[in-house]
Amino acid sequence: MKTENRLLTKENSTMLHGAAILMMIYHHLFVVGNGWCINHGVSFFDLFNAVNIGKAETAQMSFARFCKICVAVFAFTSGYAMFIQLDRKNKGEPDFREMYRYCLKRLWSFFKKFFLVFVFVTVVEMCLHNPYEFDFSPLNLLLNALGLKADYNATWWYILIYYCMVLSSPIIYWLLNRFEWKKLLLIIL
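Residues numbered from 1 in each chain as written. Predicted model: local features only at pLDDT ≥ 70, side-chain atom pairs only at ≥ 80, totals over all residues. Heavy atoms only, no water.

> Describe the overall build of the chain, listing the residues and the values that go with them.
In terms of helices and strands, the chain carries seven helices and zero strands. For the chain, with 189 residues in total, the buried portion stands at 29%. Across the chain, contacts joining residues at least 24 apart in sequence account for 66% of those joining residues at least 6 apart. Carbon and sulfur atoms form 70% of the exposed surface of the chain, whose accessible area is close to 13000 Å². (Helix = DSSP H or I, 4+ residues; strand = E, 2+ residues; numbered from the N terminus. Buried < 20%, exposed > 50% of the residue type's maximum accessible area, 1.4 Å probe, protein only. Contact = heavy atoms within 4.5 Å. Areas by Shrake-Rupley, 256 points an atom, 1.4 Å probe, with all protein chains shown as cover.)

> Please give an account of the packing of aromatic side chains that cites residues and values.
The final tally for this structure, using the stated rule, is 19 aromatic pairs. Ring centres 6.1 Å apart and planes at 40° place the aromatic pair F114 and F118 in the tilted group. Taken together, the residues span about one helical turn, with F114 and F118 both in helix 4 (residues 96-128) at a distance of four residues. Among the residues examined, F114 registers a relative accessible area of 6% and is labelled buried. The exposure class of F118 is buried, given its relative accessible area of 5%. Among the aromatic side chains, those forming a connected cluster through ring pairs are W108, F110, F111, F114, F115, F118, F136, Y152, W156, Y162 and Y163. (Phe/Tyr/Trp six-rings, centres within 6.5 Å; stacked < 30°, edge-to-face > 60°.)

> How would you summarise the pattern of salt bridges if you had to cite specific residues and measurements?
All told, the structure shown has two salt bridges when counted by the stated rule. One salt bridge in this structure joins E98 and R101, with 2.9 Å as the shortest N-O distance. In this pair, E98 and R101 both sit in helix 4, three residues apart, roughly one turn of the helix. Classification of E98 as partly exposed rests on a relative accessible area of 29%. Relative accessible area serves as the criterion here: at 48%, R101 is assigned to the partly exposed category. A salt bridge links K149 to D151, with the shortest nitrogen-to-oxygen separation between them at 3.1 Å. K149 gets classed as partly exposed once you look at its relative accessible area, which sits at 31%. (Salt bridge = Lys/Arg side-chain N within 4 Å of Asp/Glu carboxyl O.)

> I'd like to hear about the side chain of N90, residue by residue, with values.
The residue N90 is located in the loop between helix 3 (70-89) and helix 4 in this model. Of note is the side chain of N90, whose polar atom sits 2.8 Å from the backbone oxygen of L86. At 2.9 Å, the side chain of N90 forms a polar contact with the backbone nitrogen of D95. (Polar contact = N/O pair within 3.5 Å; in protein donor to acceptor, adjacent residues only side chain to side chain.)

> Which residues make up the confidence of the model for the chain, and what values go with them?
Put simply, the chain has an average pLDDT of 80, and 76% of its residues get 70 or more. Mean pLDDT across the elements of the chain ranges from a minimum in helix 7 (residues 183-188), with 65, to a maximum in helix 5 (residues 138-145), with 92. (pLDDT = per-residue confidence, 0-100.)

> I'd love a proper account of the nonpolar core, names of residues and values included.
M82, L86, F114, F118, Y163 and V166 are the most contacted members of the largest nonpolar core, which has 23 residues in total. Only helix 3, helix 4 and helix 6 (158-178) provide two or more residues apiece to this core. In terms of residues, this core owes the most to one element, helix 4, which gives seven residues. Each residue touching M82, except ones within four places of it in the same chain, is listed here: Y102, C103, R106, V166 and S169. (Core = buried A, V, L, I, M, F, W, Y, C linked by side-chain atoms within 4.5 Å.)

> Please give an account of the packing of helix 3 against helix 6 that cites residues and values.
Relative orientation of the contacting elements helix 3 and helix 6 amounts to 45°, with a least axis distance of 10 Å. Between helix 3 and helix 6, the angle falls in the class oblique. Helix 6 is crossed by helix 3, and the crossing has right-handed handedness. In this structure, helix 3 contributes V71, A75, M82, F83, L86 and D87 to the contact, and helix 6 contributes Y158, M165, V166, S169, P170, Y173, L176 and N177. (Axes fitted to C-alpha atoms, helices over the stretch in contact; angles between N-to-C directions. Parallel < 35°, antiparallel > 145°, perpendicular 65-115°, else oblique. Left-handed = near helix turned anticlockwise from the far one by under 90°.)

Next up, the structure:
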């Protein structure tokens with residue numbers, strides 16, 4: 001695939017990430033209702049509750065549930081960017097050693113940021129909540145610190161999936177370039 005003919009530019013990707021970030025914030029704030037909003041007011045979405053007649057959730061909650069599409073937006077744009085970067089690095093036959101070196105560098109960059117957030121959030125959790133609420137055994141602490149488990153913060157469920165996607169991207173890149181006529185089938189799968 002020629003990177004010069006790509007449809008998704010860096011600017012478009014940045015705009016998609018901005019929209020996905022807003023959707024992620026909205027999803028996490030309002031998926032369980034109006035709990036983070038003014039308790040004695042009327043939300044803008046409460047005006048549309050007639051749409052949800054017979055359902056237990058409000059229009060606000062339905063929209064918040066829809067906003068979970070942000071995960072797919074992040075996955076798609078990250079995968080597309082990964083493909084472009086691997087395509088730039090590989091002229092001709094793919095060099096798996098170079099591709100995995102790039103992937104591990106990318107994961108290390110992500111992990112350093114995640115670990116800082118992990119330490120901060122875990123310390124805050126320990127200070128604000130009952131520390132006996134969580135399993136702080138050395139193995140569980142290590143698995144959570146590496147992002148392999150999400151016991152301390154359920155919103156970190158995606159980190160392990162991200163690791164798997166980044167580590168499998170050189171193989172996916174090779175498959176997409178090796179079997180030109182099967183690209184559409186592989187993309188759909």
